[in-house]
2 protein chains.
Amino acid sequence: MSYGLFTLPAEENFAAKTRELAQLWGADAIRNSDGTHLDEEVKALGKKIYSAYFPARGHNEWARLHMDETPMVYLLSQRVLAEDDPTTNGNQSDTSPNGAKTRVEIPFMKTFFEEQLQPYYDADPARYWEVTDRTTGETIPTERWHVDRERDTVIVEPAECFHEYTVTFLASIIWDPVEMYNHITNNWSDHEHAVPLDVYQPDTRDFIMHAYQEWLDANPEVDVVRLTTFFYQFTLIFSAQRREKIVDWFGCACTVSPSALDGFEREYGYRMRPEDFVSEGGYNSTFRQPTRPQLDWLGFVMHTVRANVKRMVSMTHEAGKEAMMFLGDQWIGTEPYVDGFEDLGLDAVVGSVGDGTTLRMISDIKGVRYTEGRFLPYFFPDTFHEGNDPSIEAWSNWRKARRAILRSPISRMGYGGYLSLAAKFPKFVDAVTEIADEFRDLTAKTGGEGAQGSLNIAVLNTWGRMRSWMAYTVAHAKPYPQTYSYYGVLESLSGMRVNVRFISFDDVTSRGIDDEIDVVVTGGAAGTSFSGGEVWKDPALVSTLRRWVRNGGALVGLGEPSAVNWQGRFFQLADVFGVDREISQTLSVDKYFPALTRGHFITADVPANETNAEDGDIEPEDFGGTVYATPRAMSDIGYDFGEPITGTYPIDGNVTLLSAAEGRVQLATNRYGSGVGVYLSGLPYSGRNARLLERILFYAARREDEYEAYSSTNPQCETAVFPKTGWMCVINNTNQPQSTDVKVPGQGPVHVDLGTSGIFWRKI
Amino acid sequence: MSYGLFTLPAEENFAAKTRELAQLWGADAIRNSDGTHLDEEVKALGKKIYSAYFPARGHNEWARLHMDETPMVYLLSQRVLAEDDPTTNGNQSDTSPNGAKTRVEIPFMKTFFEEQLQPYYDADPARYWEVTDRTTGETIPTERWHVDRERDTVIVEPAECFHEYTVTFLASIIWDPVEMYNHITNNWSDHEHAVPLDVYQPDTRDFIMHAYQEWLDANPEVDVVRLTTFFYQFTLIFSAQRREKIVDWFGCACTVSPSALDGFEREYGYRMRPEDFVSEGGYNSTFRQPTRPQLDWLGFVMHTVRANVKRMVSMTHEAGKEAMMFLGDQWIGTEPYVDGFEDLGLDAVVGSVGDGTTLRMISDIKGVRYTEGRFLPYFFPDTFHEGNDPSIEAWSNWRKARRAILRSPISRMGYGGYLSLAAKFPKFVDAVTEIADEFRDLTAKTGGEGAQGSLNIAVLNTWGRMRSWMAYTVAHAKPYPQTYSYYGVLESLSGMRVNVRFISFDDVTSRGIDDEIDVVVTGGAAGTSFSGGEVWKDPALVSTLRRWVRNGGALVGLGEPSAVNWQGRFFQLADVFGVDREISQTLSVDKYFPALTRGHFITADVPANETNAEDGDIEPEDFGGTVYATPRAMSDIGYDFGEPITGTYPIDGNVTLLSAAEGRVQLATNRYGSGVGVYLSGLPYSGRNARLLERILFYAARREDEYEAYSSTNPQCETAVFPKTGWMCVINNTNQPQSTDVKVPGQGPVHVDLGTSGIFWRKI
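Nothing here was measured: the structure is a model prediction, and the numbers come from that model.

A.B. asks: What should I look at first to understand the relation of the copies chain A and chain B in this one?
C.D. replies: Note on the chain copies: they are related by a rotation about an axis and a translation along it. Here chain A sits on chain B after a turn of 180° about the axis and a move of 0.0 Å along it, with an RMSD of 0.1 Å. Taken together, the rotation and translation describe the operation of a two-fold axis. The position closest to the rotation axis in chain A is occupied by the C-alpha of P644 of chain A, lying 3.7 Å away. Interface overlap between copies is the fraction of interface residues in one copy that are interface residues in the other; for chain A against chain B it reaches 100%, indicating a shared surface.

So this is what it looks like as structure tokens:
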């Protein structure tokens, strides 16, 4: 058992076991969690003391007296159909209904959770609310609607028969969403609902600062303040059924107030509309192409948040403590990947590690002295209950995180939740013992630096660096049918022997592609900020990328890359990828699929006996006027390309088709001048898929000759090399034993047998 | 063996066998086919004589002297990338490429078949051609490009570096596409290429009429002139590889000439642009939402064609013969479902029967005395070769057609091609003997009238009646991955016990929904003329349909019905269908799938042991923030919903979910006021699927109580009832024996055992 770099969650009245586990797991720091406090006995263990501090919740003594100073949110009501006015119904003709007038009532709180949200009437609805005809898109003039506050209902009159109407209204957030989530998940019955505070309000801001100073003064034993977090919760709205209704880990919907709206207008010279926040019900999800008001508001919020973060950090330092920010909960406005974050003075960032991608989201942050990962599972009864084995999730989480740590290390690790729950699961306790030891060992052997990558990869989308490792994400580490095929690419990259950066379309048009970039990866669902939508009508973007690839670059397109229906193409860079998507606009033009190519560098891991090809190439087959490679081709070679992208086809016979099924292209490469285009329909994360992507990138970069060095013959294993410390390691990314050979340059192949989740170290 | 209603294709030097087969198949008419002539001996058999006549091809003696009077076509060249000018390349910066100028050459004939198409230079390219920057959409001013006629190349200078350019040029069609197709398919080596004639040119028009008169005079023995067809071929363009490059059975691209373009301008007051014809490479496919110029041009062509058709029909009648139009080949401009067709005076229409839908395309035509179906397989060597059994296709074709004939009969049947080929396949000869007898028998028993339908169904799209039974079609009876899921609905309807009409969005907004319509079916791929695209922003359309359903109507949405990204919905009638599609614009809003409903009227044919449900309802499962019904649910119940439509979800918990898989809804119903909305993701044709649709329609119309009468318990069998003649029949739609019970009202169930493809008749 080694010691250090490990933070243990403590629990009240659990001191003896805490001491035991602290020793077993080598903890050098102890923290409390939401809803727990540290016993004196635990504080006396001699560990570094972390204490969670909640600047904007848990101060109900103030909040209850200032219920108009909670953060607010614009909410979009359900759509309500305007039916015939019952009094005139009998007189109207069924065949000419248009233009008939009626009256519609919108009980706008109907779908929302009344314990969390309360309509805010003190700011004049006529000025701060908006009623919309969702059939025409028209904003209804205020003379045509009024509010019945008794019934939380808006009445529109006259309304057009058989149009749908919505109200966008301002609501106070009267229950902190994270505390609410914990409360509901844990069936807390004895906790008072935490009311959130809005730092934008001067009195409340003063209170927040005073309260913090008092707390700092009152807690001299605390070494590290784990700020959880600052002021504005990411969007998390519950429904009348007490379940999640709206979630966006990046959403800054919950940052509104009448005074902030007015302040914004003074600063930016225009007024935010309610619709600017709810965006037709999309709530400015990062998947939508951002609008100017949305970006301006984000800037406005960031300005407020950062100024107050800076102030709290200074206070922390003045009290002789470290300031550690939790990346989550009320992290909105901190934006760790936007310039200026380093000026806040934070000592550390800690975040939840859901997988390799979320690990990198923490470990790639610049401008703090150290980073810490809080691993999963969280010690909550939803996982730690009889009949479940939490060690399975612990190992799976560690395997994904470990890949990423080898490329970009975090400085420390830890867990969170109720320690007493974890202590009841000995197999889990053993797993953490092993993982903690392994983490310390690898930190020592790597010198806390990431392995050097062989290629430089840039992920290109609307957000660029600002959303580093945050692309394709709705909620932290959670899969969605619309996201997992793209997120899998990030997850694959997170632990791959490549260097990764995130760049924006604006970067490309303003600065071109940096010389050291080997491969650019772009794409996502059509019409999203990740694919880019309308930006592809910009000839500067299109021709910069074409020129770069033509002169030797490499562009990998995912799913619906460069997609916008324009000038007869759907993928504007179809000429680069060699693939376009038929969206039924050019159905009259025949599509011919060349035969599949076997024995390609990219698919070289497919054992010959798995291809199911009888003899030589797959023969094309006929489908209407169109000739396709046979449907069996794909699944035979064992890759999962995720959600189907229908209608993709090779634009000509020069395309190298590597996988096609059911009339769709999953994987193809295309020589483009001196460079290479690759089309990949999607790639959920798995060991085999990550390997496929690695081969794609080396092929696209025309660095196939460098592929073999330090490569594992077994795709389920990966290697990392640390020239500075003279170590290399081989990891097993599965929960099965694996064997592999690694080609070490200048030496013969090294054979390695690895146990489940195993790691092997060797001096080079 | 019975006699009559049957047309036999004859062949030269094959008289004895022709006589034998004529007797066996009960032929009362003999026809020649493309490339064959009738022997005197055959003409003497005493049968009615059909003779194919080709008004616009096969007159090379004239055509060769008037090569500037062939129909022409606007062709869109391949896209050519403007690369760096080699002379300046070294001096340009890689990082600021935009605005750099170069020179680009477009060898515009490169991808086209030179034996079919020839650039037409006599009309000034500067006036009649168009060069387009496909990166910006800009039309390049004529000063910036010129033509090198020697090399069939357009040179653009200056051009923008790394933009793509196209030329839209006028080409003469120098080989009739159908004769070319037959020529290439049959490897004819001794046939002269048939040059097509353009009826718009006065001299050629006079020639066409004179030649026809001469032919009429010279062929007194001909009873029926099978006009094959008139003047303009549907779009059929071959590539340099001698294979199909562009096909559109409805396309009127091959109708152009400088004089027609000028004539159009005089008549319509504006000039057609080359781009109006090639539409970014879509060539005005019926799947594209039609533009005003496209519709005007169609009207212009129809006017020309119909005037000349009328003239030829009169000449035919004056010669004492019948005029029969072939629905195919040069049918463009006749438009049998547009008002005025009945004024042409045609006696008959004959067409190829590919399935039930194409049968109905013929049999539903009004304004002719009789219709004839030319069944498949065509007697060509691609089907009639050793090792193949053409009787399989004959039966399959007959089974699909028979369903449709029972609902809307054709008057006569026949086959086409080389009789000598068919004669070599005795099993096929027997099949036709049986089919011909069955056809005559059913014509007698039904009195040549269709069975009365139980429901009135309207298929709603942009084209409406004009494209009756032609919706979702690129090429006659051919499946495409983008079409089969929708076409299957038409195919199911073609033989179903319902009455079908086709209505347009304009019909709905201008006249509402006719009282007698029970169910409206609409949908298709988003952005197509069938789904409707932008039309759904019209509040008149949306509110008329809402009102109609709300007051008791029924609307079935297919695939992406009412789809346009507008005001937060993708399906504008999501409130009616109960289903919308997530196109990643509202990902932050949670979607919850209710449990699947079992034991529903619509899915009542699913045997209980096929559901794979352990106990009761399917449990929802978690996928990110979204809860879905389990993926296994669909395939378990045995329906094929065709191409996946990703991201469909129930809009609320009131939706009745009947099939959902992998986070998608395939089938759901939704109460909407007094009416019903149904969502169906797609439905390729099969017996089981047709039955599913039948149940959907009866359910949606709330006529479940009428479903059982004359219904077959076995979904692979169907019934048709003919009250006027007092017969009912039961058909077996499979090539396996089937047993079924039919509930005859007032009697008990009738048990019927049917052989493969069998039919059973019973007096009611």
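A.B. asks: What's the story with the domain arrangement of chain A in this structure? I'm lost.
C.D. replies: Reports of interface size often rely on the accessible area that becomes lost once the parts have come together. All names here are of chain A. Per the domain assignment, the segments making up chain A are domain 1 (6-62 + 199-250 + 288-446), domain 2 (455-591 + 638-706) and domain 3 (717-763). For domain 1 and domain 3, the distance between their C-alpha centroids amounts to 32 Å. Listed by partner, the interface residues are eleven residues for domain 1 and 16 residues for domain 3. Summing both partners gives a buried area of about 1,200 Å² for domain 1 against domain 3, and 59% of it is carried by carbon and sulfur. The residue E718 makes a salt bridge to R403 at a minimum N-O spacing of 2.6 Å. At the boundary of domain 1 with domain 3, the tally comes to eight residue pairs in polar contact (both at pLDDT 80 or more). Counting residues per element, the ones that place at least two in the side of domain 1 that touches domain 3 are helix 11 (390-407) and helix 13 (426-446). Ranked by residue count, the leading element in the side of domain 1 that touches domain 3 is helix 11, at six residues.

A.B. asks: It is not clear to me how the sheet that holds strand 36 (residues 759-763) of chain A should be interpreted in this structure. Could you clarify?
C.D. replies: Within a beta sheet, neighbouring strands are joined by backbone hydrogen bonds and run either parallel or antiparallel to one another. Residue and element names in this part refer to chain A. Spatially, three strands are ordered 32-33-36 in an open sheet, and the strand pairing comes out antiparallel. Both edges of this open sheet fall to strand 32 (717-722) and strand 36, since each of them pairs with a single strand only. Taken over all neighbouring pairs, the strand axes of this sheet differ in orientation by 15° on average, direction set aside. The sheet contacts of helix 11 involve strand 32, strand 33 (727-732) and strand 36, and relative to strand 33 the element is tilted by about 160°. Strands in contact with helix 13 are strand 32, strand 33 and strand 36; relative to strand 36, the strand with the most contacts, it is inclined by about 25°.

A.B. asks: Where do I start with the pairing of strand 16 (residues 348-353) of chain A in this structure?
C.D. replies: If a strand is regular, its side chains alternate between the two faces of the sheet. Residue and element names in this part refer to chain A. Taken across its six residues, strand 16 has six buried, putting it largely inside the fold. Sheet analysis places strand 16 next to strand 17 (residues 370-375), joined by six bridges and oriented parallel. Within the sheet, the bridge partner assigned to V349 lies in strand 17 and is T371. Of the crossover connections in this fold, the one passing from strand 16 over helix 10 (residues 356-363) to the parallel strand 17 is right-handed.

A.B. asks: What is the right way to read the environment of G647 of chain B from this model?
C.D. replies: Residue placement: G647 of chain B occurs in the loop between helix 18 (633-636) and strand 28 (648-650). What makes G647 of chain B buried here is its relative accessible area of 10%. With 18 residues separating them in the primary sequence, G647 of chain B and V665 of chain B have C-alpha atoms 8.1 Å apart. Excluding residues that lie within four positions of it along the chain, G647 of chain B makes contacts with Q482 of chain A together with D580, R581, E582 and R664 of chain B.

A.B. asks: How should I be thinking about the interface of chain A and chain B in this particular structure?
C.D. replies: Across the contact, 84 residues belong to chain A and 84 residues belong to chain B. With both sides pooled, the region where chain A packs onto chain B buries about 7,100 Å², and carbon together with sulfur makes up 48% of that total. Considering only the surface of chain A that becomes buried against chain B, R547, Q567 and L587 of chain A emerge as the three largest contributors, covering 12% of it. Linking chain A with chain B are eight salt bridges. With a shortest N-O distance of 2.9 Å, R547 of chain A and D84 of chain B are connected by a salt bridge. Across the chain A-chain B interface, the total number found is 30 residue pairs in polar contact (both at pLDDT 80 or more). Listing elements by their share of the side of chain A that touches chain B, those giving two or more residues are strand 8 (130-133), strand 14 (244-248), helix 16 (539-550), strand 27 (626-629) and strand 30 (664-672) of chain A.

Definitions and cut-offs
Residues numbered from 1 in each chain as written. Chains lettered and ligands numbered in written order. Predicted model: local features only at pLDDT ≥ 70, side-chain atom pairs only at ≥ 80, totals over all residues. Heavy atoms only, no water. Least-squares fit on C-alpha atoms with pLDDT ≥ 70 in both. Contact = heavy atoms within 4.5 Å. Domains from an automatic or database assignment. Buried area = accessible area lost by both parts, 1.4 Å probe. Salt bridge = Lys/Arg side-chain N within 4 Å of Asp/Glu carboxyl O. Polar contact = N/O pair within 3.5 Å; in protein donor to acceptor, adjacent residues only side chain to side chain. Helix = DSSP H or I, 4+ residues; strand = E, 2+ residues; numbered from the N terminus. Pairing = 2+ DSSP bridges. Axes fitted to C-alpha atoms, helices over the stretch in contact; angles between N-to-C directions. Buried < 20%, exposed > 50% of the residue type's maximum accessible area, 1.4 Å probe, protein only. Right-handed = clockwise from strand over helix to strand, strands pointing away.

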